[in-house]
Amino acid sequence: MTIPFARPRPAFLEPSGRQDASSRLDLAQRPRRNRKSEWTRRLVRENTLTAADLIWPIFVMDGSEARTPVSSMPGVERLTVDEAVREAERAAGLGIPAIALFPYTDPVLRSADGREALNRDNLVCRTLRAIKAAVPHIGLITDVALDPYTSHGHDGLLDVDGRILNDDTVAVLVEQALVQADAGADVIAPSDMMDGRVGAIRRALDAAGHIDAQILAYSAKYASAFYGPFRDAVGSNGCLKGDKRTYQMDPANGIEALREAALDIEEGADMLMVKPGLPYLDIVYRLKETFGLPTFAYQVSGEYAMIEAAARNGWLDGEKAMMESLMAFKRAGADGILTYFAPRVAEKLAREG
Ligand SMILES: NCc1[nH]cc(CCC(=O)O)c1CC(=O)O
Ligand SMILES: [Mg+2]
């Protein structure tokens, strides 16, 4: 009996190991040809990842000559200012263009109004000055939001009923941005998701003479479970009451991200950020396609933790997963990635050329 379309002799039965001509498909296009060996795979590769694509977020803390591990982010440590300077030197040597600073604020310095954010001698300002003095050529990015400084863990001010006061918060964020720019921040990155803060910050920076201070707007920042380990790292987990869904975006929304970005651009944003990263690659793609501004993605703490945890359990190849995840951002159109993997990736790229 003949079976329609069946091949008389499957190729794998040929003792020579060669394909039997009668089993050959008549294909004009065989995309696999371009993948047949490493040289051609390299030749046809559409995207590349280099150290210049990386922004390294680091956690700073008070004290000197010390590092403390962040338990939910294996391999990540909080650094005292002097150690942060050392790491900034290392990053610059590896070709990483910029560092983003996040402070672990002593609980006694946290208050309902987050006033430590405006202290010209706070941890972030001291770190900015120390790195600027020692490593003048690395870009310094600071986060504008009140959550590292508030006793309730929210990014803004609350009224008596626990509601966020948008416009009063913006007034404080403007002051926070000025304090950071005065201390040497090159890029001001509002991550708070208040309405109107980019415009207010732009006007205030310009009025104060910080015309060249860039604004990296966290335009599409989602209310995400993937920030958990970060809140550990900056010590706001214990104090956060409720959630951030009245200001951070609903993970179900995509078109809204376009609107948020359009507003931030009108208000003066130089660069856009999408956060988290991997679960929101569609947003990265749409923002880049629609606006064409430099667009970054934040591979957040939970994304880092997932890869690290699986790798440390032997469940996946951590280094390969790290590289693949970062390449995915480039493929989606990101100009760069904020990632806790930054120094590891840069070292790997330097090793492998
Ligand atoms: N302004 C807060 C802020 N800035 C960066 C992150 C998260 C980054 C990460 O998870 O790595 C958060 C967390 C939050 O919104 O609660
Ligand atoms: Mg907005």
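For the structure itself, look to the data block above.
All of the points below concern the structure found in this document. (Residues numbered from 1 in each chain as written. Chains lettered and ligands numbered in written order. Predicted model: local features only at pLDDT ≥ 70, side-chain atom pairs only at ≥ 80, totals over all residues. Heavy atoms only, no water.)

What to know about the packing of aromatic side chains
Geometrically, a pair of aromatic rings is defined through the distance of the ring centres and the angle of the planes.
Okay, so step 1: Per the counting criterion, the structure on display carries 10 aromatic pairs.
Okay, so step 2: Considering the side-chain rings of Phe59 and Tyr340, the 5.7 Å spacing of their centres and the 15 degrees angle between planes classify their relative orientation as stacked. Here the residue Phe59 occupies a position in strand E1 (residues 54-61), and Tyr340 occupies one in the loop between strand E10 (336-339) and helix H11 (342-352), the gap between them amounting to 281 residues. Across the pair, exposure class does not vary: Phe59 and Tyr340 are buried alike.
Okay, so step 3: The side chain of Lys221 reaches across the aromatic face of Tyr218, ending 5.8 Å from its centre.
Okay, so step 4: We note Lys221 situated over the ring of Tyr227; from NZ or CZ to the ring centre the distance is 5.5 Å. (Phe/Tyr/Trp six-rings, centres within 6.5 Å; stacked < 30°, edge-to-face > 60°. Helix = DSSP H or I, 4+ residues; strand = E, 2+ residues; numbered from the N terminus. Buried < 20%, exposed > 50% of the residue type's maximum accessible area, 1.4 Å probe, protein only. Lys NZ or Arg CZ within 6 Å of the ring centre and 35° of its normal.)

Some points on the pairing of strand E7 (residues 214-221)
For a regular strand, side chains alternate in direction, first toward one face of the sheet and then toward the other.
Okay, so step 1: Among the 8 residues in E7, 7 count as buried, and that is most of the element.
Okay, so step 2: Relative to E7, strand E6 (residues 187-190) is paired through 2 bridges, and the arrangement is parallel. Bridge pairing in E7 links Ile188 to Ile215.
Okay, so step 3: Taking the sense of rotation as the criterion, the β-α-β connection linking E6, helix H5 (residues 197-207) and E7 turns out right-handed.
Okay, so step 4: Pairing of E7 with strand E8 (residues 271-275), which is carried by 5 bridges, proceeds in the parallel orientation. Opposite Ala220, over in E8, you have Val274 as the bridge partner. (Pairing = 2+ DSSP bridges. Right-handed = clockwise from strand over helix to strand, strands pointing away.)

A word on H11
Okay, so step 1: Burial in H11 covers these residues: Ala342, Pro343, Val345, Ala346 and Lys348.
Okay, so step 2: Phi for Gly353, located one or two positions after H11, is positive at around 70 degrees.

A look at the site of ligand 1
Okay, so step 1: Surveying the vicinity of ligand 1 reveals 18 residues, the closest of which are Arg231, Lys244, Lys275, Ser301 and Tyr340.
Okay, so step 2: Ser191 places a polar side-chain atom, nitrogen or oxygen, 2.8 Å from a nitrogen atom of ligand 1.
Okay, so step 3: Within the side chain of Lys244, an N or O atom sits 2.7 Å from an oxygen atom of ligand 1.
Okay, so step 4: Protein coverage of the free-state accessible area of ligand 1, which is 400 Å², stands at 100%.
Okay, so step 5: Its residues assigned to classes, the shell around ligand 1 shows 8 nonpolar, 3 polar and 7 charged. (Near = heavy atom within 4 Å. Polar contact = N/O pair within 3.5 Å; in protein donor to acceptor, adjacent residues only side chain to side chain. Areas by Shrake-Rupley, 256 points an atom, 1.4 Å probe, with all protein chains shown as cover. Nonpolar A, V, L, I, M, F, W, Y, C, P; charged D, E, K, R; others polar.)

Points about unusual backbone geometry
Okay, so step 1: The omega torsion across Lys275 and Pro276 is -10 degrees, close enough to zero to call that bond cis.
Okay, so step 2: Mapped onto the fold, Pro276 is located in the loop between E8 and helix H8 (281-291).
Okay, so step 3: One non-glycine residue, Glu65, adopts positive backbone phi at about 50 degrees.
Okay, so step 4: Secondary-structure assignment places Glu65 in the loop between E1 and strand E2 (67-69).
Okay, so step 5: Positive phi, normally seen in glycine, also occurs at Met193, with a value near 65 degrees.
Okay, so step 6: Looking at the secondary structure, you find Met193 in the loop between E6 and H5.

Notes on the side chain of Thr295
Okay, so step 1: If you trace the backbone, Thr295 turns up in strand E9 (residues 295-299).
Okay, so step 2: You can call Thr295 buried: its relative accessible area is 0%.
Okay, so step 3: Sequence-distant contacts of Thr295, that is, excluding residues within four places in its chain, are made with Leu272, Val284, Leu287, Lys288, Ala334, Asp335 and Gly336. (Contact = heavy atoms within 4.5 Å.)

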